[in-house]
Structure formats: C-alpha cells, structure tokens
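# Fold and geometry: a report
Next come the chains, spelled out residue by residue.
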Amino acid sequence: MLRYVLRRTAGWMAMIVAATNATFFLASWFLDPRSNYHELGRLRSDQQISVALRPYGLDPDQSVLYRWWFWIKDVVLHFDWGRSPTGVSVNSEVAYRVVVSGELVLGGTILSVLLGVALGVHTASRQYGVVDRVSQTVSIVLYNVPTAVGALGLVLFAVWFNQRLGTTVLHVAGANTPGVDGTWHRLADRLDHLVLPTVTLTLLGYASWHVTQRA
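Structure report, in brief.

Reading the values: the criteria
Residues numbered from 1 in each chain as written. Predicted model: local features only at pLDDT ≥ 70, side-chain atom pairs only at ≥ 80, totals over all residues. Heavy atoms only, no water. Helix = DSSP H or I, 4+ residues; strand = E, 2+ residues; numbered from the N terminus. Contact = heavy atoms within 4.5 Å. Expected span 1.5 Å × (residues − 1). Buried < 20%, exposed > 50% of the residue type's maximum accessible area, 1.4 Å probe, protein only. Arc of directions from axis to C-beta. Phe/Tyr/Trp six-rings, centres within 6.5 Å; stacked < 30°, edge-to-face > 60°. Lys NZ or Arg CZ within 6 Å of the ring centre and 35° of its normal. Core = buried A, V, L, I, M, F, W, Y, C linked by side-chain atoms within 4.5 Å. Patch = residues over 30% accessible without salt bridge, like charges linked within 9 Å, V, L, I, M, F, W, Y side chains within 5 Å. Areas by Shrake-Rupley, 256 points an atom, 1.4 Å probe, with all protein chains shown as cover. Salt bridge = Lys/Arg side-chain N within 4 Å of Asp/Glu carboxyl O. Axes fitted to C-alpha atoms, helices over the stretch in contact; angles between N-to-C directions. Parallel < 35°, antiparallel > 145°, perpendicular 65-115°, else oblique. Left-handed = near helix turned anticlockwise from the far one by under 90°. Nonpolar A, V, L, I, M, F, W, Y, C, P; charged D, E, K, R; others polar.

On to the side chain of Thr202. Inspection of the secondary structure puts Thr202 in helix 8 (residues 183-214). Ignoring any residue separated from it by four or fewer positions in sequence, one finds Thr202 in contact with Gly108, Leu111, Ser112 and Leu115.

For helix 6 (residues 130-143), with 14 residues, the first-to-last C-alpha span of 20 Å sits near the 20 Å given by 1.5 Å per residue. The complete set of buried residues in helix 6 reads Asp132, Ser135 and Ser139. The buried residues of helix 6 all sit within an arc of 75° when viewed along its axis, so they share a single face. Opposite the buried face of helix 6, by more than 90 degrees, sit the exposed residues Val130 and Arg133. Those residues of helix 6 hidden inside the fold are in contact with helix 5 (90-124) and helix 8.

Here the structure, examined in full by the defined rule, presents nine aromatic pairs. Ring plane angle 90° and centroid distance 5.9 Å describe the contact between Phe79 and Trp81, whose orientation is recorded as edge-to-face. Of the residues examined, Trp81 reaches a relative accessible area of 26% and is grouped as partly exposed. Relative to Phe161, the ring of Phe157 lies with its centre 5.9 Å away and its plane at 20°, an arrangement referred to as stacked. Of the two residues, Phe157 and Phe161 both sit in helix 7 (residues 147-165), four residues apart, roughly one turn of that helix. Taken together through their ring pairs, the aromatic side chains of Phe24, Phe25, Trp29, Trp68, Trp69, Trp71, Phe79 and Trp81 make up a single cluster. The ring of Tyr128 carries the charged tip of Arg214 above its face, separated from the ring centre by 5.8 Å.

Only a minority of non-glycine residues have a phi that is not negative, and only a minority of peptide bonds are not trans. Positive phi outside glycine occurs at Phe79, with the angle close to 50°. Residue placement: Phe79 occurs in the loop between helix 4 (64-78) and helix 5. Given the relative accessible area of 56%, Phe79 is considered exposed. Located in the positive-phi region is Tyr128, a residue other than glycine, with phi close to 70°. Inspection of the secondary structure puts Tyr128 in the loop between helix 5 and helix 6.

If you look at the biggest cluster of nonpolar residues, it comprises six residues: Phe24, Phe25, Val64, Trp71, Ile72 and Val75. At the level of secondary structure, the elements contributing two or more residues to this core comprise helix 1 (2-30) and helix 4. For this core, the element with the most residues is helix 4, which contributes four residues. Among residues more than four places away in sequence, those in contact with Val64 are Phe24, Phe25, Ser28 and Trp29.

Okay, a nonpolar patch on the surface next. Taken together, the side chains of Leu26, Trp29, Phe30 and Leu31 present a nonpolar region at the surface, about 530 Å² in accessible area. Its relative accessible area of 55% is what places Trp29 among the exposed residues.

This next bit is on the packing of helix 6 against helix 8. Following both chains from N to C, one finds helix 6 and helix 8 inclined at 130°, their axes separated by 8 Å at the closest point. With respect to each other, helix 6 and helix 8 are oriented oblique. In the packing of helix 6 onto helix 8, the handedness of the crossing is left-handed. Only Leu203, Leu204, Tyr206, Ala207, Ser208, His210, Val211 and Arg214 of helix 8 make contact with helix 6, whose side of the interface consists of Asp132, Ser135, Gln136, Val138, Ser139, Leu142 and Tyr143. Looking at the contact of helix 6 with helix 8, its residues break down into eight nonpolar, five polar and two charged.

This next bit is on the packing of helix 5 against helix 8. In the contact formed by helix 5 and helix 8, the axes pass within 6 Å of each other and the chain directions differ by 40°. Between helix 5 and helix 8, the crossing angle belongs to the class labelled oblique. In this structure, helix 5 crosses over helix 8, and the sense of that crossing is right-handed. Of the residues contributing to the contact of helix 5 with helix 8, the split by class is 15 nonpolar, eleven polar and three charged.

Structure (structure tokens):
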C-alpha cells in the first residue's frame, strides 16, 4: 500500500514539474511581459521596460534559459514562484485563487449531491413518468456537455440577462467588486460573485449523481 501511494505521489509530482516547466517555456516564447506596461498611461521605451522587468527575471531581452534558471532556482531553494509582470507575488496570487476555487468546488459539490440524489430518489420511485423521462433526458444531455462549453453558455445568458434588466445582477468575472465597503456589503458582494460559477458546477455535476442514484 505504501509503495503504491509513493508511486502515485511520484507520478503526480513528475506531472506537475513537467506541466509547470512546459507552461513557463510556452509563456516565454509566445507572451511579451512588456505589453502590460504599454497599456499604461505613461509611455516608456522597450529598453526602460526591460530594465524594470529584469529584477523579476522577466526581461524578454534575456535568453529563455537564463530566465528559466532564474525562476526554477527560486522555486527549488525558496519555494518562490516568482513575480507577475506588475511585481505581484505569484505565491500570494495562487493562494488567493486556491481559496476561491475551494469555495466554488465545495459549494458546487454539496449542491450537486443534494440535487442529484434527491432527484434520483424521486424519479426512481416514479419510474417512466413524465418527470422521470424529462429529467433523465436533461441529465444525460448535461452530463455530456463539456464544463467549458456549459460555463460559456451560462456566461452569455448572464450577460444577456443583465442587459435586459439594465443592471448587473449576475457577475460573470472576478471574485469581488473593488471599492465595496462594510463587512456585510463585502460578504453579499462575494456571495453574488459565487452564484454563477456555483450554478455552473452544480448543473454540470448533478447529472451523474442523479443517474447513478436512480439506477
């Protein structure tokens, strides 16, 4: 058992190392960190921007291998995943996004289980009725919809819905609204931002629970 766990852990670690390094090289080849500075109001030359990026190991005038060594050395020795082109710590950004993702996954999983199991019990006790056939059809369709496609569809619906109402009811981006003050106002704003992605995860995740529970 211990050998199996160690082997699986080593496999996951190797995959993480390969994926992160591949992402680094792809980003270095195809993205230009100077583009963020070009969008700022104060104009600076490419040479000035390169000098500003050099302390972060993001100067595109330096070789990719040099920038990779600058990055991987800090990762291995200090567990420092570097800085964004604007100087923000990648570690803090990842930690923040882990918390947000955890909230979404936890909420989506709980709602998916509750909805799927309840619907499965209900339809199993009333087999071959209208509700059973319709709910099974909907569940099978949703089960085969890729998450990215379903999420994009709900985002387009939310944009249309907001435009029809003339105000933002369903937020389609971000985890909070900048400038919101007050504990309760911030909490309500955070929950409002969680609605659309949680609904997406719930609708695309309950189907398997429904079909399994009914069977």
